[in-house]
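Each chain is listed here by its residues.
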Amino acid sequence: MEKAVFYHAGCPVCVSAEQDILQLIPAEQVEVVHLGTEKGKVKDADAAGVKSVPALVLANGNVLHINFGASIDDLK
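My aim in this report is to walk through the structure given alongside it, one point at a time. Along every chain, residues carry numbers that run from 1 in the direction the sequence is written. Local features in a predicted model are, by the rule used here, given only for residues with pLDDT of at least 70; side-chain atom pairs are given and counted only at 80 or more, and totals for whole chains, interfaces and linings are based on all residues. Hydrogens are left out, water is left out, and the side-chain values use all remaining heavy atoms of the structure.

## Observations concerning the nonpolar core
Grouped burial of nonpolar side chains is what soluble globular proteins tend to show. Cut-off, in case you're wondering: Here, nonpolar core refers to any group of buried Ala, Val, Leu, Ile, Met, Phe, Trp, Tyr and Cys residues whose side-chain atoms link them within 4.5 Å. Throughout this description, buried means an accessible area under 20% of the type-specific maximum (1.4 Å probe, protein chains only), exposed means over 50%, and partly exposed covers the range between. Secondary structure follows DSSP: runs of H or I at least 4 residues long count as helices, runs of E at least 2 residues long count as strands, and numbering of each begins at the N terminus.
Counting residues in each nonpolar core, the largest one holds 14 residues, and the members touching the most others are Tyr 7, Leu 35, Ala 45, Val 50, Val 53, Ile 72 and Leu 75. Contributions of two or more residues to this core are made by β1 (4–8), α2 (42–48), β3 (52–57) and α3 (72–75). Looking at which element gives the most residues to this core, the answer is β3, with 3 residues. The next biggest cluster of nonpolar side chains, apart from the first, holds 7 residues, and it includes Ala 4, Ala 17, Ile 25 and Val 30.

## Points about the sheet that holds strand β4 (residues 63–71)
What counts, and what does not: One bridge is not enough; two strands pair if DSSP finds at least two bridges between them. Comment: axis = line fitted to C-alpha atoms, over the contacting stretch for helices; angle = value between 0 and 180 degrees taken between N-to-C directions.
Pairing within the open sheet is mixed, and its 4 strands lie in the order β2-β1-β3-β4. The open sheet has two edge strands with one neighbour each: β2 (30–34) and β4. Going across the sheet, the axis of each strand differs from the next one's by a mean of 15 degrees, ignoring polarity.

## Here's the deal with the side chain of Glu 18
As a reminder, the rule being used: When charges are counted, neither His nor the chain ends are considered; positive counts come from Lys and Arg and negative counts from Asp and Glu. A pair is scored as a salt bridge if a Lys or Arg side-chain nitrogen falls within 4 Å of a carboxyl oxygen belonging to Asp or Glu.
As for its position among the elements, Glu 18 is in helix α1 (residues 12–24). Within the buried core, Glu 18 has no salt-bridge partner, and the shortest N-O distance to an opposite charge, that of Lys 3, equals 12 Å.

## Thoughts on the side chain of Ser 52
To keep things clear, this is the line we draw: Note on definitions: a residue-residue contact is assigned when non-hydrogen atoms from the two residues lie within 4.5 Å.
Residue placement: Ser 52 occurs in strand β3. Residues in contact with Ser 52, not counting those within four places in the same chain, are His 65, Asn 67, Phe 68, Ala 70, Ser 71 and Ile 72.

## Thoughts on the environment of Leu 64
Along the chain, Leu 64 turns up in strand β4. The sequence separation of Leu 64 and Gly 49 amounts to 15 residues, and the corresponding C-alpha distance is 9.7 Å. Among all residues touching Leu 64, those that are not within four sequence positions of it are Pro 54, Ala 55, Leu 56 and Leu 58.

## Observations concerning the pairing of β2
As a reminder of what qualifies: Whether a crossover is right-handed comes down to one check: with the strands pointing away from the viewer, does the path from the first strand over the helix to the second run clockwise; if it does, it is right-handed.
As paired strands, β1 and β2 are joined by 5 bridges and run parallel to one another. Pairing of Phe 6 across the sheet is with Val 32, part of β2. Handedness of the crossover joining β1 and β2 through α1 is recorded here as right-handed.

The structure is reproduced here in structure tokens:
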């Protein structure tokens, strides 16, 4: 099974959502990507359909936008 990917930018909303996600999904099944420190992965998030963070991209490609912390365009 492919991993889900949780993208965030490190803001308080994102960090809170990360903690909640990791309580719901086992850590080995989700990759956490901090776009504030991993700028090279912004293109990956954009290509996956992420419009704002925090967002969870499921293994099947569906994107769940959890809350509006920052626009992906602001992170580019």
